[in-house]
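# Chains, contacts and geometry: an overview
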Amino acid sequence: MIRTHPNDPPLTGAEAAKVAWLIARMAKRGIAGEAVHQADLQRKLDRILDGARKRADKAAAAARK
């Protein structure tokens, strides 16, 4: 598992690769200017992090039993 930030859940290798790809795409769009729409990429990133949080919560609940 890969830790990106202390507040973020641990990511699998595939999730980390997807996050890196999305951030690269966001950076590329950012170079085009501040008026460029990036909400679609942000939603994809949020969806990946939410899935990782759910998996981490489920694993923590299973470990407590």
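Position numbers for residues start from 1 in each chain and track the written sequence from start to end. Thresholds applied to this predicted model are a pLDDT of at least 70 for local features of residues and 80 or more for the giving and counting of side-chain atom pairs; totals over whole chains, interfaces and linings are not thresholded and use all residues. Only hydrogens and water are removed before side-chain values are computed, so all heavy atoms of the structure are retained for them.

### Here we look at helix α2 (residues 39-64)
Each helix is a run of H or I in the DSSP string that is no shorter than four residues. Each strand is a run of E no shorter than two, and both are numbered from the N terminus. Expected span, for any helix, means 1.5 Å times one less than how many residues it has. Relative to the 38 Å expected for 26 residues at 1.5 Å per residue, α2 spans 37 Å between its end C-alpha atoms, a close match to the ideal helical length. Think of it in three bands: with a 1.4 Å probe and only protein chains considered, a residue is buried below 20% of the maximum accessible area for its type, exposed above 50%, and partly exposed in between. When we look at burial in α2, the residues that qualify are Leu-41, Leu-45, Ile-48, Leu-49 and Ala-52. Should any heavy atoms of two residues lie within 4.5 Å, those residues are counted as being in contact. Contact partners of the buried residues in α2: α1 (13-32).

### Details of the pattern of salt bridges
What makes a salt bridge here is a side-chain nitrogen of Lys or Arg within 4 Å of a carboxyl oxygen of Asp or Glu, nothing more. Per the counting criterion, the structure on display carries four salt bridges. In this structure, Arg-55 and Glu-15 form a salt bridge, with 2.8 Å as the shortest nitrogen-oxygen distance. Here Arg-55, found in helix α2, pairs with Glu-15, found in helix α1; they are 40 residues apart in sequence, far enough to count as distant. Overall, Arg-55 belongs to the partly exposed group, its relative accessible area being 29%.

### Topic: α1
For α1, which comprises 20 residues, the first-to-last C-alpha distance of 29 Å matches the rise-based estimate of 28 Å (1.5 Å per residue) to within 8%. Those residues of α1 that fall on the buried side of the exposure criterion are Glu-15, Ala-16, Val-19, Leu-22 and Met-26. With its buried residues spanning 125 degrees around the axis, α1 presents them on a single face. Exposed residues pointing more than 90 degrees away from the buried face of α1 are listed as Trp-21, Lys-28, Ile-31 and Ala-32. Each element contacted by the buried residues of α1 is listed here: α2. In this description, one arc is meant: the one made by directions from the helix axis to the C-beta atoms.

By themselves, these observations are geometric and do not establish any function.
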